[in-house]
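Descriptive structure summary
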There are 2 protein chains.
Amino acid sequence: MASPRRSARNQTEERSKREERADRILDAAGELMLRWGYNKTTIDDIARYAGVAKGTIYLHWKTREDLFTALMKREYIRLSEDLKQRLASDPEGGTLRGITKHSMLATLKNPLMKAVILRDTDLLGEWLRKEQEDSVTFSQQVAQSFALFELFRSRGVVRDDIDVRKQVYMLDSITLGFLVMEPYMPGDFKYSDEEIAEMTAEVVERTFAPSPSSDAQSDERTKQEISNTLISYIDDVLTLRKKQNQEEVSQ
Amino acid sequence: MASPRRSARNQTEERSKREERADRILDAAGELMLRWGYNKTTIDDIARYAGVAKGTIYLHWKTREDLFTALMKREYIRLSEDLKQRLASDPEGGTLRGITKHSMLATLKNPLMKAVILRDTDLLGEWLRKEQEDSVTFSQQVAQSFALFELFRSRGVVRDDIDVRKQVYMLDSITLGFLVMEPYMPGDFKYSDEEIAEMTAEVVERTFAPSPSSDAQSDERTKQEISNTLISYIDDVLTLRKKQNQEEVSQ
DNA sequence: TTATGACCAGATAAACAAAATTAGTCATTT
DNA sequence: AAATGACTAATTTTGTTTATCTGGTCATAA
């Protein structure tokens, strides 16, 4: 197109302003969604809460559904970044225990992602039904678990005397159990996110640690390698996701 | 009361007939409840399915709710008897592993009890809301877990380097996770009840087994003692429950 | 005495219309 | 060019009426 263009400087200035506003709108959407759930959170509410006019929202997303999908994508990215941070700053970030603990913490600290994982219909309402068709997220996640387990097994960090599929099933059952437990327990039986993550990690470690007979116990080298592999994997996912977001914004 | 009485013989004959019919009605109720859920299962349906007139049902229970409560009590008794049987007939019935496995199996094989434990609103509908007020079942269950864990710890079958409350929380999280996992996994990822119970038992055993350093590994004697304790506990519960039922029938 | 099913009152669902809300648009303002 | 909010078409909610269903009773039959 031969249309007149603004200076690069000007363009990026506006871009960041746009992005900032988009973020504010998503903040509002997230806040209100947690309070009222998807079904009861209207575009008007969001606009008022974010301090913009309704029309402005439609300068960013084509439909209401798109807005919430964008919100969820952002939350996914945030969760991933949070996890990456936690893993990177913990010397045990390359251990099965550390990975479990930090995955749980990252999930527990992000109520929207937690709701997605638990398929919380109260909160996600119609969005879940519409979205889950084209979202391969869970299969993806399972595939991810597989790859990680294969790596662990090849390094002798995890016992290899059980079917990998079963190991994945077990791992997911354990984490799901701890994620879902809260409302089932009587009121005088609450634990903090940190305690829950710690307990989960304890269970996972003891379940999957190799029998003491096996040789390769986790030395520093292996830890580092695993940590690096996982972190760079998360990085890949992050850059991919972010690029996808870019493309969407420019339609 | 000085009313004229039938012969004892006649009385017991009638009693057993009554009971048999009550059972048939409960069978029908259970069957239909599993198919349509509590809300959509009507007394007419049940009467038709059980081959009795509607009025007959009210010769047994005062209200619809009472009928379903009776059904659940029967299922609880059945589950307990099933569990007792499984424990008694397995030489490993006195092990943490065996107990976990058989508890899971007994639960998995009883869809109504499973629904109660998981608070399945789709299936139990209004009954759950009304009933859960006066049902202390879960607190009871938790208390039960406690007692069992204390026994295990005192016998050195379970590690005692973690807070007991946390151990109970962990155990319940693990079992809950495996009970609830099914619908979360992709379709090509199903396991049989037996495999699920086995996996659960594996996790629980590895999580709670004492560190190898500790002395008292489970000898035959301990196993037997624990098995006996548990079975006689179940027996106590059973006789208590059955007596309660008797009293209710005779109002 | 025991079992039945017609019967009834109250609850639930279906049908419908009216009112209110809301997603998305676009002429107007900034 | 960018942002707004009044506006509209469509959906959702609310209120109302009518019809159906269902839990529970009880006079009658077995």
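Rules used in this analysis
- Residues numbered from 1 in each chain as written.
- Chains lettered and ligands numbered in written order.
- Predicted model: local features only at pLDDT ≥ 70, side-chain atom pairs only at ≥ 80, totals over all residues.
- Helix = DSSP H or I, 4+ residues; strand = E, 2+ residues; numbered from the N terminus.
- Buried ≥ 20, exposed ≤ 12 C-beta atoms within 10 Å, placed from the backbone.
- Contact = placed C-beta atoms within 7 Å.
- Least-squares fit on C-alpha atoms with pLDDT ≥ 70 in both.
- Near = placed C-beta within 6 Å.
- Nonpolar A, V, L, I, M, F, W, Y, C, P; charged D, E, K, R; others polar.
- Expected span 1.5 Å × (residues − 1).
- Core = buried A, V, L, I, M, F, W, Y, C linked by C-beta atoms within 7 Å.
- Axes fitted to C-alpha atoms, helices over the stretch in contact; angles between N-to-C directions.
- Parallel < 35°, antiparallel > 145°, perpendicular 65-115°, else oblique.
- Left-handed = near helix turned anticlockwise from the far one by under 90°.

What about the overall build of chain A?
Helices and strands together make up the secondary structure of chain A, namely 11 helices and 0 strands. Counting helices and strands in the order they occur from the N terminus, chain A gives α-α-α-α-α-α-α-α-α-α-α. Of all 251 residues assigned to chain A, the portion counted as buried reaches 28%. Relative to all contacts within chain A whose residues are 6 or more apart in sequence, the contacts with residues 24 or more apart total 69%.

Digging into the relation of the copies chain B and chain A
Superposing chain B onto chain A requires a rotation of 180 degrees together with a translation of 0.0 Å along the rotation axis, leaving an RMSD of 0.1 Å. Classification of the inter-copy transformation places it as that of a two-fold axis. Relative to the rotation axis, the C-alpha of Gly177 of chain B is the closest in chain B, positioned 1.7 Å from it.

A closer look at the protein's contact with DNA strand D
Near DNA strand D lie 15 residues; those nearest to it are Ala53 and Gly55 of chain A together with Ile43, Thr63 and Arg64 of chain B. Mapped onto the surface near DNA strand D, the elements with two or more residues apiece are α3 (54-60) of chain A together with α2 (43-50) and α3 (54-60) of chain B. Among the elements that make up the surface near DNA strand D, the one with the highest residue count is α3 of chain A (4 residues). Among the residues making up the surface near DNA strand D, the classes are represented as 5 nonpolar, 5 polar and 5 charged.

What about the protein's contact with DNA strand C?
Of all residues adjacent to DNA strand C, which total 15 residues, the nearest are Ile43, Thr63 and Arg64 of chain A together with Ala53 and Gly55 of chain B. Going through the elements one at a time, α2 (43-50) and α3 of chain A together with α3 of chain B are the ones with two or more residues in the surface near DNA strand C. By residue number, the principal contributor to the surface near DNA strand C is α3 of chain B, which donates 4 residues. Its residues assigned to classes, the surface near DNA strand C shows 5 nonpolar, 5 polar and 5 charged.

Brief notes about helix α10 (residues 193-208) of chain B
Spanning 16 residues, α10 of chain B covers 22 Å between terminal C-alpha atoms, matching the ideal 22 Å at 1.5 Å per step. Taken together, the buried positions of α10 of chain B are occupied by Ile196, Ala197, Met199, Thr200, Ala201, Val203, Val204, Thr207 and Phe208 of chain B. Buried residues along α10 of chain B sit in contact with α9 (164-181) and α10 (193-208) of chain A together with α5 (96-108) and α9 (164-181) of chain B.

As for the nonpolar core
If you look at the biggest cluster of nonpolar residues, it comprises 58 residues, and the most contacted ones within it are Ile174 of chain A together with Ile174 of chain B. Apart from the residues lying within four places of it in its own chain, the contact partners of Ile174 of chain A are Thr200, Val203 and Val204 of chain A together with Ile174, Gly177 and Val203 of chain B.

Structural notes on unusual backbone geometry
Although it is not a glycine, Arg119 of chain A sits at a positive phi angle of roughly 50 degrees. Summarising the element assignment, Arg119 of chain A is placed in the loop between α6 (111-117) and α7 (121-131).

Things to note about the interface of chain B and chain A
Between chain B and chain A, the contact holds 23 residues from the first and 23 residues from the second. Of all the secondary-structure elements, those providing two or more residues to the side of chain B that touches chain A are α8 (137-154), α9 and α10 of chain B. With 11 residues, α9 of chain B is the single largest residue contributor to the side of chain B that touches chain A. For the side of chain B that touches chain A, a count of residues per class yields 16 nonpolar, 4 polar and 3 charged.

Quick look at the environment of Asp82 of chain A
Residue and element names in this part refer to chain A. Considering the arrangement of structural elements, one finds Asp82 in helix α4 (residues 64-88). Judged by C-beta crowding, with 17 C-beta atoms within 10 Å, Asp82 ranks as partly exposed. Along the sequence, Asp82 and Ser103 sit 21 residues apart, while their C-alpha atoms lie 9.3 Å from each other. Sequence-distant contacts of Asp82, defined by excluding residues within four places in its chain, comprise Ala106 and Lys109.

Let's talk about the packing of α9 of chain A against α10 of chain A
Residue and element names in this part refer to chain A. Put simply, α9 and α10 touch, their axes get as near as 10 Å, and they point 160 degrees apart. Taken together, the axes of α9 and α10 lie roughly antiparallel to each other. For the element pair α9 and α10, the recorded crossing hand is right-handed. Every residue of α10 that contacts α9 at Gln167, Met170, Leu171, Ile174, Thr175 and Phe178 is listed here: Ile196, Met199, Thr200, Val203, Val204, Thr207 and Phe208. Here the residues of the contact of α9 with α10 are counted per class, giving 9 nonpolar, 4 polar and no charged.

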